[in-house]
Amino acid sequence: MERIDPPLTGTERETLRAYLDFHRATLALKCEGLTDEELRRPASPPSTLSLLGLVRHMAEVERQWFRRTIGGAVVPHLWSAEHDFQAAYDASRSTRAEAFAAWEAEVEHSRAVEAAAASLEVAVHVPKWGADASLRLVMLHMIHEYARHNGHADFLREAVDGTVGA
């Protein structure tokens with residue numbers, strides 16, 4: 001996944017897409033060049049969070065917000081038969097190939113769902129909020145979600161091999 005700086009001008013939708021893709025690529029960049037063992041390493045005890053756990057979590061988040069919420073698809077969780085979002089964080093037996101294949105597939109599904117939506121005003125009911133949410137809000141939420149977790153990835157990567165910056 002190539003990281004391209006978002007444009008300084010463009011439509012609202014183009015800008016949201018670009019920032020979301022920028023943050024997706026940042027997560028991939030944070031994992032670049034590491035072995036499976038390094039990606040699984042919980043680098044900040046007592047937390048068990050790892051870079052690979054973040055990738056798996058973001059696959060679930062993409063799946064939830066784009067495929068289930070906006071797209072209306074009825075699809076199971078990737079790593080839990082009990083609808084447990086926390087299960088994705090346990091990457092102790094995961095590999096880069098497995099986690100990244102799932103995440104990249106979900107990103108492609110997300111892009112397709114977003115592209116098929118007529119506008120950013122498309123709204124769907126979100127049961128846990130008890131209210132409707134627009135595609136615009138979902139895209140902003142996803143940018144926030146990636147930005148927050150990319151901050152975690154900064155610390156995790158530095159603890160693994162000393163690499164800083166993105």
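All of the points below concern the structure found in this document.

About the thresholds
Residues numbered from 1 in each chain as written. Predicted model: local features only at pLDDT ≥ 70, side-chain atom pairs only at ≥ 80, totals over all residues. Heavy atoms only, no water. 1 Å grid on protein atoms, 1.4 Å probe; cavity = no way out; pocket = protein on both sides within 12 Å on 5 of 7 lines; lining within 4 Å. Points joined across faces, edges and corners; volume = space filled by probe spheres on them. Helix = DSSP H or I, 4+ residues; strand = E, 2+ residues; numbered from the N terminus. Nonpolar A, V, L, I, M, F, W, Y, C, P; charged D, E, K, R; others polar. Axes fitted to C-alpha atoms, helices over the stretch in contact; angles between N-to-C directions. Parallel < 35°, antiparallel > 145°, perpendicular 65-115°, else oblique. Contact = heavy atoms within 4.5 Å. Core = buried A, V, L, I, M, F, W, Y, C linked by side-chain atoms within 4.5 Å. Buried < 20%, exposed > 50% of the residue type's maximum accessible area, 1.4 Å probe, protein only. Left-handed = near helix turned anticlockwise from the far one by under 90°.

Some thoughts on the layout of surface pockets
Looking at the largest pocket, its volume works out to about 360 Å³. Elements supplying a minimum of two residues to the lining of the largest pocket: helix H3 (51–70), strand S1 (123–126) and helix H5 (135–161). Class assignment for the residues of the lining of the largest pocket results in six nonpolar, eight polar and four charged.

Remarks on the packing of H3 against H5
Look at H3 against H5: their axes get within 10 Å of each other, and the N-to-C directions meet at 175°. Classified by the angle their axes make, H3 and H5 are roughly antiparallel. Residue-level inspection shows Leu51, Leu54, His57, Met58, Val61, Glu62, Trp65, Phe66 and Ile70 of H3 in contact with H5, the latter providing Leu135, Val138, Met139, His141, Met142, Glu145, Tyr146, His149, His152, Ala153, Leu156 and Arg157. Of the residues assigned to the contact of H3 with H5, the class counts are 14 nonpolar, four polar and three charged.

Observations regarding the nonpolar core
One finds Leu27, Phe66, Trp103, Met142 and Tyr146 to be the most contacted residues of the largest nonpolar core, which totals 41 residues. Looking at which element gives the most residues to this core, the answer is H3, with ten residues.

Quick look at unusual backbone geometry
A cis amide bond links proline 45 to the next residue, proline 46, at an omega of 10°. Relative to the elements of secondary structure, proline 46 occurs in the loop between helix H2 (36–40) and H3. For histidine 83, which is not glycine, the phi torsion reads 60° and is therefore positive. In this structure, histidine 83 sits in the loop between H3 and helix H4 (96–116).

Points about the packing of helix H1 (residues 12–31) against H5
Where H1 contacts H5, the axes come no closer than 9 Å and their chain directions differ by 25°. By the angle class used here, H1 and H5 are roughly parallel. Relative to H5, the crossing made by H1 is left-handed. Looking at the contact of H1 with H5, its residues break down into 14 nonpolar, three polar and eight charged.

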